[in-house]
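# Report on the structure
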Amino acid sequence: MIMKKYSILLIAAALSLSQTACQEDFIDLNPISSANLNSFYKSQKDFETAIVGVYNIFQGVHSTMWTEYNEFRGDTYTHIMYSYAEISNNAFQSNTTSTMWNTMYQMITYSNLILDRIDAVSMDEAVKARIKGEAQFFRAYGYFALVRIFGDVPLVLKEVSTSEALQIGRSPIKEVYGQITKDLTAAIGVLPATLTAAQNGRVSKQAAEVELARAYLTMSGIPLKENHWADAKPLLESVIKSGQYAFAPTYAEIFSLENERGKEVILGAKFKIGGIGESTQYQRQFNPAYGGNPVFEKGVYESYEAGDIRRDFNIAKEFTTLEGTKIAALNNTKFDYGYDRASTESGMDFPVQRYTDVLLLYAEVLSEVDGKVNTESLVLLNQVRKRAGLKDLTSAQVPDLASFRVAMQKERRSELMFECVRWFDLVRTGTAVEALKAIGLNANDNWLLFPLPQTEIDKMQGVLKQNPGY
C-alpha cells in the first residue's frame, strides 16, 4: 500500500536514487549506505538527502507524465496508442492512472516523513526551516495535482501503518484544498525569497506564492465555485514586486539552454545529459523529429491569430526525422532544444512556473475582483500580445468581463502552449466539455476527473469509491 509506514530499508532504497537526483549545482550528497541505515533521519545531512528524494520525484513527473495528463487530456494532443490514447479518449484500462496516483502519493509520503521527524533533530535552524518549507510545498504540490486529476482523495498528513492506511477513505475536495492552502501558506513563511545561482532549481518563497495563487484561482472556478480572487491578488503582487523575475524582451529567448535559468522562470524541473539518469524523455515522446508520434488535435495551429510570432516558433508544419526524411505534419518546436542525438538524451529543463503566467493570472484576478475589465488587466494582456507581434486589444473589443475572459483564455493558450496549463484552465473556467466536443469527442462532465486506479479500490475493499462514469 502506497500510504503504509515505510521501513528504514525502504526509505534507504528509494532515497539512494538521490545520489544522482537534481545534482545540477545545489546538491552534492552521498547515497545512504547499509552502514548508516539505523542512524537515518538523525542529522542535517540525512534530511538534506531526504529532501533530494522529493525533488527527484518532482523531476520525474515533469519528464513526460505531466504532459501526458494535461496536453493529451485537453485539445492539444491525441495519440493512436498507449496510455496517451486512453487519456485523450477517456477510454481507460483499469490501472492506467496508477503511475500518477502512486507517484504523487510517494511525493506526499516522503514529505510527511520529513515533516514528522525534522523538529526532533538539532541542526542549523535556517536549513531546517528551508527543508520544512520545501516539504510543505511538495506535499501541497502533490495534493494539488491529485485533487485536480481525481477529485476527492485520501488526505494523509503523517506516517501511518498499513492497517490504518486501509481505512483512510476519500476526503472532500474542499478539505483537500484547505490543507493545500495551509501547507503553502506555511511554506511561504519560511522559504527563502532569494536564491543564489548555485541554488537554482530549489523552491523559493515566490514559487510557493505562485502555487497558492493557482490554487485560489482553481478554487474560484469549477468545481468549488468559491470566491478566492482577492486571496490570490496579494500573492501575485508579491511575486511581481519581488524584483526576482522579469518579463523577457522576446519570446524565443525564454526557450533555450542559455536562458532556461533566466529571470522568466520561477520554478523549473531540471534535467541534465551525461548518462547519469538525469535526462528528460520529453522530445522522444512529444517531438516527431526525435521519434515521438503525438497527433495534434484539430484547430491547434489555427488557434493563433494571424501575425502571432509564437505560432511558428511553437509549431512547425513539417519536420525532418533522425534519418533525414522530411514529413509534412505538425511538430512541437517550442521545446526543440537540449536534445543530444548521439546519446538520445535531453537536458532541457521544463518550466513549471513562468513569470508571464504570473502576469496573465494577475490580469485575470484584477478584473475578477473588480467585476469588470480592469484597466491594468488590459495593459498586462497587451504587454504579452505586443511581445508576440500582435496589436493591442481595446476596451471596445473587450467591453465586459465575459469578453475579457474569452480573450484571456485565448491568450493563455497561445502563450503557454505545451506548458501543461491548458487542461486545468479549461476545467476551472467551465469550458472543458465544450472544448472537447469541438474536437469531435462525446464528452460530458464525467470527463473532468480521471478514474481511480482499480488496484487501489480493490486494496481498500470498498473504502474507496470510483469516480462517476468509470
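Since the model is a prediction, treat every value here as computed from it, not as a measurement.

The geometry of helix α9 (residues 229-241) relative to helix α12 (residues 355-370) is characterised by a closest axis approach of 9 Å and an angle of 145° between their N-to-C directions. α12 is crossed by α9, and the crossing has left-handed handedness. Of the residues in α12, those touching α9 at W229, A230, A232, K233, L236, E237, V239 and I240 are Y355, V358, L359, L361, Y362, E364, V365, L366, E368 and V369. Among the residues forming the contact of α9 with α12, the class breakdown is 14 nonpolar, no polar and four charged.

With the rule as written, the count across this model stands at 33 aromatic pairs. With centroids separated by 5.1 Å and ring planes inclined at 80°, the aromatic side chains of W101 and F150 adopt a geometry described as edge-to-face. Pair noted here: W101 is in helix α4 (residues 98-117) and F150 is in helix α5 (residues 125-150), with a separation of 49 residues, a long-range link. Just as W101 is buried, F150 falls in that class too. Between Y282 and F335, the aromatic rings sit 5.4 Å apart at their centres with planes inclined by 80°, giving edge-to-face as the arrangement. Of the two residues, Y282 is situated in helix α10 (residues 282-286) and F335 in the loop between β7 (331-332) and β8 (339-340); the sequence distance between them amounts to 53 residues. What makes Y282 buried here is its relative accessible area of 1%. Three or more aromatic residues joined by ring pairs form one cluster here, namely F72, Y77, Y84, Y251, F255, Y282, F286, F296, F313, F335, F350 and F418. Seen from the ring of F450, R73 lies directly overhead, with NZ or CZ sitting 4.4 Å from the centre. Over the face of the ring belonging to F424 we find R148, whose NZ or CZ atom lies 4.0 Å from the ring centre.

On to the layout of surface pockets, then. Of the voids in this model, the largest pocket is the one considered here, and its volume is about 560 Å³. Surrounding the largest pocket, 22 residues form its lining, R405, V406, Q409, T429 and T431 being those nearest its centre. Where the lining of the largest pocket is concerned, the elements lending two or more residues are α12, α14 (401-415), α15 (422-428) and α16 (432-438). Broken down by element, the lining of the largest pocket gets its largest block of residues, seven residues, from α14.

Counting 136 residues, the largest nonpolar core has W66, I114, F137, Y143 and I180 as the members making the most contacts within it. Counting only domains with at least three residues in this core, you end up with domain 1 (42-79 + 95-189 + 444-465) and domain 2 (281-348). For I180, the contacting residues outside a window of four places in its chain are A140, Y143, F144, V147 and A215.

The next point concerns a nonpolar patch on the surface. Taken together, the side chains of I80, M81, Y82 and V295 define a hydrophobic patch exposed on the protein surface, amounting to about 410 Å² of accessible area. On the secondary structure map, Y82 appears in helix α3 (residues 82-89). Judged by its relative accessible area of 54%, Y82 is exposed.

Another point: the domain arrangement of the protein chain. Domain boundaries assigned for the protein chain yield domain 1 (42-79 + 95-189 + 444-465) and domain 2 (281-348). Here domain 1 and domain 2 have C-alpha centroids that lie 31 Å from each other. Counting from both sides, the interface comprises eleven residues of domain 1 and, opposite them, eleven residues of domain 2. Of the roughly 970 Å² buried where domain 1 meets domain 2, counting both sides, 59% is carbon and sulfur surface. Run the count over domain 1 and domain 2 and you get zero salt bridges. The interface formed by domain 1 and domain 2 holds five residue pairs in polar contact (both at pLDDT 80 or more) in total. Among the elements of the structure, α2 (44-70) and β1 (77-78) are those that each provide at least two residues to the side of domain 1 that touches domain 2. Here the side of domain 1 that touches domain 2 gets four residues from one element, more than from any other, and that element is α2.

What counts, and where the lines are drawn
Residues numbered from 1 in each chain as written. Predicted model: local features only at pLDDT ≥ 70, side-chain atom pairs only at ≥ 80, totals over all residues. Heavy atoms only, no water. Axes fitted to C-alpha atoms, helices over the stretch in contact; angles between N-to-C directions. Helix = DSSP H or I, 4+ residues; strand = E, 2+ residues; numbered from the N terminus. Left-handed = near helix turned anticlockwise from the far one by under 90°. Contact = heavy atoms within 4.5 Å. Nonpolar A, V, L, I, M, F, W, Y, C, P; charged D, E, K, R; others polar. Phe/Tyr/Trp six-rings, centres within 6.5 Å; stacked < 30°, edge-to-face > 60°. Buried < 20%, exposed > 50% of the residue type's maximum accessible area, 1.4 Å probe, protein only. Lys NZ or Arg CZ within 6 Å of the ring centre and 35° of its normal. 1 Å grid on protein atoms, 1.4 Å probe; cavity = no way out; pocket = protein on both sides within 12 Å on 5 of 7 lines; lining within 4 Å. Points joined across faces, edges and corners; volume = space filled by probe spheres on them. Core = buried A, V, L, I, M, F, W, Y, C linked by side-chain atoms within 4.5 Å. Domains from an automatic or database assignment. Patch = residues over 30% accessible without salt bridge, like charges linked within 9 Å, V, L, I, M, F, W, Y side chains within 5 Å. Areas by Shrake-Rupley, 256 points an atom, 1.4 Å probe, with all protein chains shown as cover. Salt bridge = Lys/Arg side-chain N within 4 Å of Asp/Glu carboxyl O. Buried area = accessible area lost by both parts, 1.4 Å probe. Polar contact = N/O pair within 3.5 Å; in protein donor to acceptor, adjacent residues only side chain to side chain.

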